[in-house]
Amino acid sequence: LRLPSVIQAAGSGRAAALSIVQLVDNLNAGGLERLAIDLGVAHRKAGHASAIVCLGGEGTLAAQARGAGLDVEALNKPPGLHLPTLWKFARALRRRGRVDVVHSHNPGNHHYAAAAAKLAGVPVVINTRHGVSSSSGARYNERYFKWVLPWTDKVVYVSADSERYYTSQGIV
C-alpha cells in the first residue's frame, strides 16, 4: 500500500493533523456504529478532525456522537441506488475543505464513499468489512463494491476469519 504523503507525515510523528470522514448507513445502536463513534473520538484525541456522515438518517446515537465532539451529517438517501446522494456526499466532502481520508463501513455504502471521494479529490479511501454475517451485502452491493476497489486504498477486516472468507470467495 503506497500512502499519500499526508498520511505518511501523520504516521511519522510529525505534527500533521488529518481530516477523516467516516461513512456509515446510520448511527442506530449497534457494534459498527459504536465503533465509528469510538474511532472518531480516538481521531480527535490524536489531534485529527473527525466527522461521521450517515448515508440514510442519523439514528439514535447521533446525539451521543455530537456530545463527544464529532460532527454528524445525514444524507437521507432513499432506498435503492440513488445517484443524487452520491453528488450530495461529494459536495459535502468539498464543503469541508481538505479531507484526507474517507473511511466507509461495510459494502453497502462503499461505492458511495469511493466515488464521492474520487469526485471530491480525497486522496485516501478505506473500507472496513465487519463480521461475515453483518458485512455480506446483497449481490448488487458486492458488485458495486468490486467496481470501486480500484479507488480503494485499503480494505480492513475486523478478524482473520472475515479476511479469509472474503478473499476465498473472491469478493476482495
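Scoring rules and cut-offs
- Residues numbered from 1 in each chain as written.
- Predicted model: local features only at pLDDT ≥ 70, side-chain atom pairs only at ≥ 80, totals over all residues.
- Heavy atoms only, no water.
- Salt bridge = Lys/Arg side-chain N within 4 Å of Asp/Glu carboxyl O.
- Buried < 20%, exposed > 50% of the residue type's maximum accessible area, 1.4 Å probe, protein only.
- Helix = DSSP H or I, 4+ residues; strand = E, 2+ residues; numbered from the N terminus.
- Pairing = 2+ DSSP bridges.

**Side note on the pattern of salt bridges**
What the rule picks out here adds up to 8 salt bridges. Arg66 is paired through a salt bridge with Glu58; the nearest N and O atoms lie 2.4 Å apart. Classification of Arg66 as partly exposed rests on a relative accessible area of 39%. Across the pair Arg129 and Glu142 runs a salt bridge, and its minimum N-O distance is 2.8 Å. In this pair, Arg129 is assigned in strand β5 (residues 124–129) and Glu142 in helix α7 (residues 139–147), connecting sequence segments 13 residues apart. Accessibility assignment for this pair places Arg129 and Glu142 in one class, buried. Via salt bridges that share partners, Asp71, Glu73, Arg95 and Arg96 belong to a single interconnected network.

**Overview of the pairing of strand β6 (residues 154–157)**
Along β6, the buried face is formed by Val155 and Tyr157; none of Lys154 and Val156, which line the opposite face, is buried. Bridge analysis of β5 against β6 gives 4 bridges, and the strand direction is parallel. Looking at the pairing, Thr128 lines up with Val156 of β6.

Everything listed is a geometric property; what it means functionally is a separate question.
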